[in-house]
Amino acid sequence: MLRKIICYLALDKGLKVANNAWGMIEAARKVASEQDLPFIGLVVHTGMTQEYLSILPFDEVYSMKLDPKSWFDAFCHVHAFEVCYQELGLTEGLYLFASHPLYQETAIRLAARMDGAVLTQAMEIYTDPMANTVVKRGIYHDKANEWVSFEGVKHQFVTLDLAHFYADPKQGNPINIKEIFLKNPINTRIQLISERSLSWKELSLTEARFVIGVGRGVSKIGDMNGILQLAELLNAPIGGSKVADELGLIPREKRIGSSGIAIDEADVYIAIGISGSSQHLEGIKGVKHVIAINNDPAAPIHQRSTIGIVGDYQVVVPLLVQALQQGEEGEI
Ligand SMILES: Cc1cc2nc3c(=O)[nH]c(=O)nc-3n(C[C@H](O)[C@H](O)[C@H](O)COP(=O)(O)OP(=O)(O)OC[C@H]3O[C@@H](n4cnc5c(N)ncnc54)[C@H](O)[C@@H]3O)c2cc1C
């Protein structure tokens, strides 16, 4: 039996470690040490330098270079993993991927091809006293959690929800860095034609980094011009309170709170003219930073805010827009 833990490193466009992937590396390292196994980083990139690879925080690094056109194709990642797996001569292992669509698709396909099993969207991963890998993940739209483990599975694939794994960037000193050459270009029937980022109008509230919320304080749609400009500048979709929904400022499915949705993925939530009822706060529990704009200094939303701005939003929002526009021009 040759078992190892492979962390299939999540990269930004194939060129550098994705900003949110450092937590994944730490989680993989922890599990490797719990199971007393070597900790391998598999880096399938489009042009990383040897220097960059030599400071990645793994015991061993296996690197493979793909043509940039092939990098977006899960088929090529499946192929790269299989080549590495053969090179390592593994008979079993735990393989960690990011839950990003490209990597998740790769993990699912590999699990099927290798007669393994896959657990997706892990929020936590650890080893139980019986030395089994246990994964915690959300179910029923994250209204409940379940803990699952692999039973008698040789090839164990787990995709990690990176929002739940945070760590600062770290350098390491791998004992072995091996470059594996792939046949390039790999024969694939899929071609990337184009790629574009979603605009704030298309982004879902549950996936966006910046979210704007409007409430009764913004009573008329006609008064939303500045807010729409803010949304454009921050690429932030607009949701709001139950009252905003009832007033017709936002559609029902964009209501945030206990009877609406939770926006736990957001780094920043800008609450405009929202008092901060307990039901509304329920929907923003996981938000990292709240910026409140409210003309009442006693409004409860200020208690939940990182920054509370007391003032009329019709004055404050245009100032924010102006500052952001100046910032875009490099003046701030
Ligand atoms: C069973 C149940 C479920 C509910 N579920 C939800 C839910 O999922 N989500 C939700 O949001 N609510 C929910 N509610 C409603 C909740 O109790 C509140 O009534 C609601 O959140 C209040 O919305 P609001 O903050 O927009 O309005 P308000 O509470 O009226 O607050 C408006 C705020 O705007 C400020 N303001 C006014 N003018 C300006 C201005 N010019 N500039 C800046 N600020 C201004 C005011 O100072 C005030 O603080 C629920 C209630 C019940 C009973």
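Above this text is the structure in question.
Just so we're clear, the structure is a prediction, and the values are computed from it rather than from any experiment. (Residues numbered from 1 in each chain as written. Predicted model: local features only at pLDDT ≥ 70, side-chain atom pairs only at ≥ 80, totals over all residues. Heavy atoms only, no water.)

### A closer look at the overall build of the chain
- Looking only at helices and strands, the chain has 8 helices and 16 strands in total.
- Each of the three principal axes of the chain carries a C-alpha extent, and together these read 65 × 45 × 35 Å.
- Within the chain, the fraction of its 332 residues that count as buried is 47%.
- Pairs at least 24 residues apart make up 62% of the contacts formed inside the chain by residues separated by at least 6 positions.
- For the chain, the computed accessible surface area is about 17100 Å², with 51% contributed by carbon and sulfur atoms. (Helix = DSSP H or I, 4+ residues; strand = E, 2+ residues; numbered from the N terminus. Buried < 20%, exposed > 50% of the residue type's maximum accessible area, 1.4 Å probe, protein only. Contact = heavy atoms within 4.5 Å. Areas by Shrake-Rupley, 256 points an atom, 1.4 Å probe, with all protein chains shown as cover.)

### Here we look at the site of the ligand
- In the vicinity of the ligand lie 26 residues, with Arg216, Ser241, Ser259, Ser275 and Asn294 positioned nearest.
- Here Ser258 contributes a backbone N or O atom positioned 3.1 Å from an oxygen atom of the ligand.
- Residue Gln279 places a side-chain N or O atom 2.9 Å away from an oxygen atom belonging to the ligand.
- Of all the elements in the fold, those that place two or more residues in the shell around the ligand are helix 6 (242-246), helix 7 (278-282) and strand 15 (289-294).
- When its residues are assigned to classes, the shell around the ligand shows 6 nonpolar, 15 polar and 5 charged. (Near = heavy atom within 4 Å. Polar contact = N/O pair within 3.5 Å; in protein donor to acceptor, adjacent residues only side chain to side chain. Nonpolar A, V, L, I, M, F, W, Y, C, P; charged D, E, K, R; others polar.)

### Quick look at the packing of aromatic side chains
- Applying the stated criterion to the full structure yields 11 aromatic pairs.
- Taken together, a centroid distance of 4.8 Å and an interplanar angle of 15 degrees make the contact between Tyr8 and Phe97 stacked. One end of the pair, Tyr8, is in strand 1 (residues 3-8); the other, Phe97, is in strand 6 (residues 92-98), and 89 residues separate them in sequence. Phe97 carries the same exposure label as Tyr8, and that label is buried.
- Taken together, the aromatic side chains of Tyr8, Trp71, Phe72, Phe81, Tyr95, Phe97, Tyr103 and Phe157 make up a single cluster linked through ring pairs. (Phe/Tyr/Trp six-rings, centres within 6.5 Å; stacked < 30°, edge-to-face > 60°.)

### Comments concerning the packing of helix 3 (residues 74-88) against helix 4 (residues 101-113)
- Across the interface, helix 3 lies against helix 4 with an axial gap of 9 Å and an inter-helix angle of 55 degrees. Taken as axis vectors, helix 3 and helix 4 run oblique relative to one another. Remark: the crossing between helix 3 and helix 4 carries right-handed chirality. On helix 4, the residues touching Ala74, Phe75, His77, Val78, Phe81 and Glu82 of helix 3 are Leu102, Tyr103, Glu105, Thr106, Arg109, Leu110 and Arg113.
- Class assignment of the residues belonging to the contact of helix 3 with helix 4 gives a composition of 7 nonpolar, 2 polar and 4 charged. (Axes fitted to C-alpha atoms, helices over the stretch in contact; angles between N-to-C directions. Parallel < 35°, antiparallel > 145°, perpendicular 65-115°, else oblique. Left-handed = near helix turned anticlockwise from the far one by under 90°.)

### Things to note about the sheet that holds strand 14 (residues 268-272)
- Ordered by their spatial adjacency, 5 strands build an open sheet running 13-12-14-15-16, and the pairing between neighbours is parallel. Whereas interior strands pair on both sides, the edge strands pair on one side only; in this sheet they are strand 13 (238-240) and strand 16 (307-310). Between one strand axis and the next, the sheet turns by 20 degrees as a mean value, whatever way the strands run.
- Bridge count between strand 15 and strand 16: 4 bridges; the pairing is parallel. Considered in strand 16, the bridge of Ala292 is made with Gly308. (Pairing = 2+ DSSP bridges.)

### Comments concerning a negative patch on the surface
- The grouping of Asp142, Glu207, Asp264 and Glu265 at the surface amounts to a negative patch.
- Note on Asp142: relative accessible area 61%, which makes it exposed. (Patch = residues over 30% accessible without salt bridge, like charges linked within 9 Å, V, L, I, M, F, W, Y side chains within 5 Å. Salt bridge = Lys/Arg side-chain N within 4 Å of Asp/Glu carboxyl O. Lys, Arg positive; Asp, Glu negative; His and termini not counted. Charge placed at Lys NZ, Arg CZ, Asp CG, Glu CD.)

### Focus on the state of the cysteines
- Going through the model one piece at a time under the given rule, you end up with 0 disulfides.
- This cysteine, Cys7, is not joined by any disulfide, and Cys84 carries the nearest cysteine sulfur, 12 Å off. (Disulfide = S-S within 2.5 Å.)

### Some points on the environment of Asn295
- Along the chain, Asn295 falls in the loop between strand 15 and strand 16.
- When near neighbours in sequence (up to four residues on either side) are disregarded, Asn295 contacts Val310, Gly311 and Asp312.

### Examining the pairing of strand 12 (residues 210-214)
- With respect to burial, strand 12 is a largely interior element, 4 of its 5 residues being buried.
- For strand 12 and strand 14, the ladder comprises 5 bridges, and the chain directions are parallel. Of the residues in strand 14, the one forming a bridge with Phe210 is Val268.
- Here strand 12 runs beside strand 13; their pairing, made up of 3 bridges, is parallel. Opposite Gly213, over in strand 13, you have Gly239 as the bridge partner.

### Let's talk about helix 1 (residues 22-34)
- Under the 1.5 Å per step criterion, the end-to-end length of helix 1 is 19 Å for 13 residues, consistent within 8% with the ideal 18 Å.
- One or two residues past the end of helix 1 sits Asp36, with phi positive at roughly 55 degrees. (Expected span 1.5 Å × (residues − 1).)

### With respect to the sheet that holds strand 9 (residues 144-149)
- Strand order in the open sheet made by the 9 strands is 9-8-7-10-6-1-4-5-11, with mixed pairing throughout. One side of each edge strand has no neighbouring strand; the edge strands of this open sheet are strand 9 and strand 11 (176-180). Each strand of the sheet is rotated relative to its neighbour by a mean of 35 degrees, with strand direction disregarded.
- The sheet contact formed by strand 6 and strand 10 (residues 155-160) spans 6 bridges and is parallel. Directly across from Leu94, in strand 10, lies its bridge partner Gln156.
- On the sheet, helix 1 packs against strand 1, strand 4 (39-45), strand 6, strand 7 (117-127) and strand 10 and is oriented at approximately 75 degrees with respect to strand 7.
- Contacts from helix 3 reach strand 1, strand 4, strand 5 (60-65), strand 6, strand 10 and strand 11, with the element oriented near 150 degrees to strand 1.

Don't take any of this as a statement about function, it's just geometry.
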